[in-house]
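As a plain string of letters, each chain reads:
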Amino acid sequence: EAVKLARKFVGDVEYFLEDAGRAEPEYLYRVIESIVRAGATVINVPDTTGYTYPEEFGALIRSIMEHVPSMDRATLSVHCHNDLGMATANALAGVCNGAQQVECTINGIGERAGNTSLEEVVMAIATRSDIFKVTTGIRTQELYRTSRLVSDLTGIPVQPNKAIVGANAFAHSSGIHQDGVLKERTTYEIIDPRKVGIPESRIALSARSGRHGLQHRLAQLGYHFKSDQFEQIYQRFLTVADKKKLVQDEDLESIITDELHSVPEVYHLDYLHVVSGGTTIPTATVRLRRNGEAFQSAASGVGSVDALY
């Protein structure tokens, strides 16, 4: 009755079978057949609670296609939740078994653990066309920008290790990965970052980075060194990388300056300590050494940096 009423006003009516992932299949067949005959044009089969796993959900979609005689008159849609981390896998299993529509969200945002991630479904279909044999028509180059727009407007950050659009999705920090990618991108990248709107993959310099990765970044910054000079810089880089999670370009500049400066060190910074706060006068203590002799003093200032100087 609801479908017939809706069809009096619109030509496209979608019927949503709440919690179909846990329903009795025979019951679903009867309901779907009735609502398609009543005029529904889209049948949505949701895994509302994220309960099913891919083989199970795919089998459900396939059984609906096989057991509902009128299913060829409507579009079969899937709508999956991520409570067990399988929303994307379940949605793709649905596509493999006859679903023509996937309900999903940018960045996978949604109720509880979220919904199927649009960018993951789109890039899985684009990357593994040999398996899915369907297309979406979505301009994948806009995925990254759209992801950032949604994140900015909702205030929900994208986790760094999020597939496709996360900050680390195309960043390589392992030495063997960096070496492989620099020699041949496809060694460790199954997706060209430009396809999702990211200009290029990123070499993230960390304690796990190797000589090739560091040499590549230094060359990008315009530095080229002899082998003995580079080895000196690399050893200092490892020392810094052990203390910091990521080594930034400004850190590399400092390393180069410290390791390759031509002026011998006269004063060595031995100790510094800063105290500051909302109701505290910024105060700093500094100790320098010269030829084994210590020079120590404390001072206040308008800010902590001023106090240090």
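One can find the structure itself at the top, above this paragraph.
Thresholds, definitions, all that
- Residues numbered from 1 in each chain as written.
- Predicted model: local features only at pLDDT ≥ 70, side-chain atom pairs only at ≥ 80, totals over all residues.
- Heavy atoms only, no water.
- Helix = DSSP H or I, 4+ residues; strand = E, 2+ residues; numbered from the N terminus.
- Buried < 20%, exposed > 50% of the residue type's maximum accessible area, 1.4 Å probe, protein only.
- Pairing = 2+ DSSP bridges.
- Axes fitted to C-alpha atoms, helices over the stretch in contact; angles between N-to-C directions.
- Disulfide = S-S within 2.5 Å.
- Parallel < 35°, antiparallel > 145°, perpendicular 65-115°, else oblique.
- Left-handed = near helix turned anticlockwise from the far one by under 90°.
- Contact = heavy atoms within 4.5 Å.
- Nonpolar A, V, L, I, M, F, W, Y, C, P; charged D, E, K, R; others polar.
- Polar contact = N/O pair within 3.5 Å; in protein donor to acceptor, adjacent residues only side chain to side chain.
- Salt bridge = Lys/Arg side-chain N within 4 Å of Asp/Glu carboxyl O.
- Patch = residues over 30% accessible without salt bridge, like charges linked within 9 Å, V, L, I, M, F, W, Y side chains within 5 Å.
- Areas by Shrake-Rupley, 256 points an atom, 1.4 Å probe, with all protein chains shown as cover.

Residues other than glycine seldom take positive phi values, yet asparagine 107 does so here, at roughly 65 degrees. On the secondary structure map, asparagine 107 appears in the loop between strand S4 (101-103) and helix H5 (118-127). According to the relative accessible area criterion, asparagine 107 is buried, its value standing at 13%. Positive phi outside glycine occurs at arginine 112, with the angle close to 55 degrees. Inspection of the secondary structure assignment puts arginine 112 in the loop between S4 and H5.

Moving on, we get to the sheet that holds strand S8 (residues 280-290). Ordered in space as S7-S8-S9, the three strands form an open sheet in which the pairing is antiparallel. At either end of the open sheet lies a strand with only one pairing partner, and these are strand S7 (268-277) and strand S9 (293-300). The sheet shows a mean angle of 10 degrees between the axes of neighbouring strands, direction not considered. The sheet contact formed by S8 and S9 spans eight bridges and is antiparallel. Within S9, the position partnered with valine 286 by the bridge is serine 297.

Looking now at the state of the cysteines. Evaluation of the coordinates by the stated rule reveals zero disulfides. Its sulfur unpaired, cysteine 96 is 12 Å from the next cysteine sulfur, which belongs to cysteine 80. With no disulfide of its own, cysteine 104 lies 10 Å from the sulfur of cysteine 80, the closest cysteine sulfur. For cysteine 104, a relative accessible area of 26% corresponds to the partly exposed category.

One way to put it is that helix H10 (residues 227-243) packs onto helix H11 (residues 249-260) with a least axis distance of 10 Å and a crossing angle of 125 degrees. Classified by the angle between their axes, H10 and H11 sit oblique to one another. Crossing hand, H10 versus H11: right-handed. When H10 is examined against H11, the residues Gln229, Gln232, Ile233, Arg236, Phe237 and Val240 are found in contact with a partner set consisting of Leu252, Ile255, Ile256, Asp258, Glu259 and Leu260. By residue class, the composition of the contact of H10 with H11 is seven nonpolar, two polar and three charged.

Right, let's get into the side chain of lysine 162. Topologically, lysine 162 is positioned in the loop between helix H7 (143-154) and strand S5 (171-172). Looking at lysine 162, its side chain comes within polar contact range of the side chain of glutamate 120, at 2.8 Å. Each residue touching lysine 162, except ones within four places of it in the same chain, is listed here: Asn107, Ser117, Glu119, Glu120 and Ala169.

Another aspect to go through is the pattern of salt bridges. Under the defined criterion, the tally for this structure stands at 13 salt bridges. Ionic pairing is found between glutamate 231 and arginine 211, a salt bridge with its closest N-O pair at 2.9 Å. Residue glutamate 231 is located in helix H10, and its partner arginine 211 is located in helix H9 (residues 211-220); the two are separated by 20 residues in the primary sequence. In this structure glutamate 231 comes out as partly exposed when scored by relative accessible area, which is 28%. With its nearest N and O atoms 3.3 Å apart, the salt bridge here joins arginine 289 to aspartate 270. With arginine 289 in strand S8 and aspartate 270 in strand S7, this pair connects stretches of sequence that are 19 residues apart. Look at arginine 289 and you get partly exposed, because its relative accessible area is 32%. You can call aspartate 270 partly exposed: its relative accessible area is 32%. One connected set of salt bridges, linked through shared partners, spans Glu119, Glu120 and Lys162.

To continue, consider a nonpolar patch on the surface. Taken together, the side chains of Val266, Tyr267, Leu269, Leu272, Leu288, Phe295 and Leu308 define a hydrophobic patch exposed on the protein surface, amounting to about 580 Å² of accessible area. As for its placement among the helices and strands, leucine 288 is situated in strand S8. Classification of leucine 288 by relative accessible area gives partly exposed; the value is 30%.

None of this, on its own, says anything about what the molecule does.
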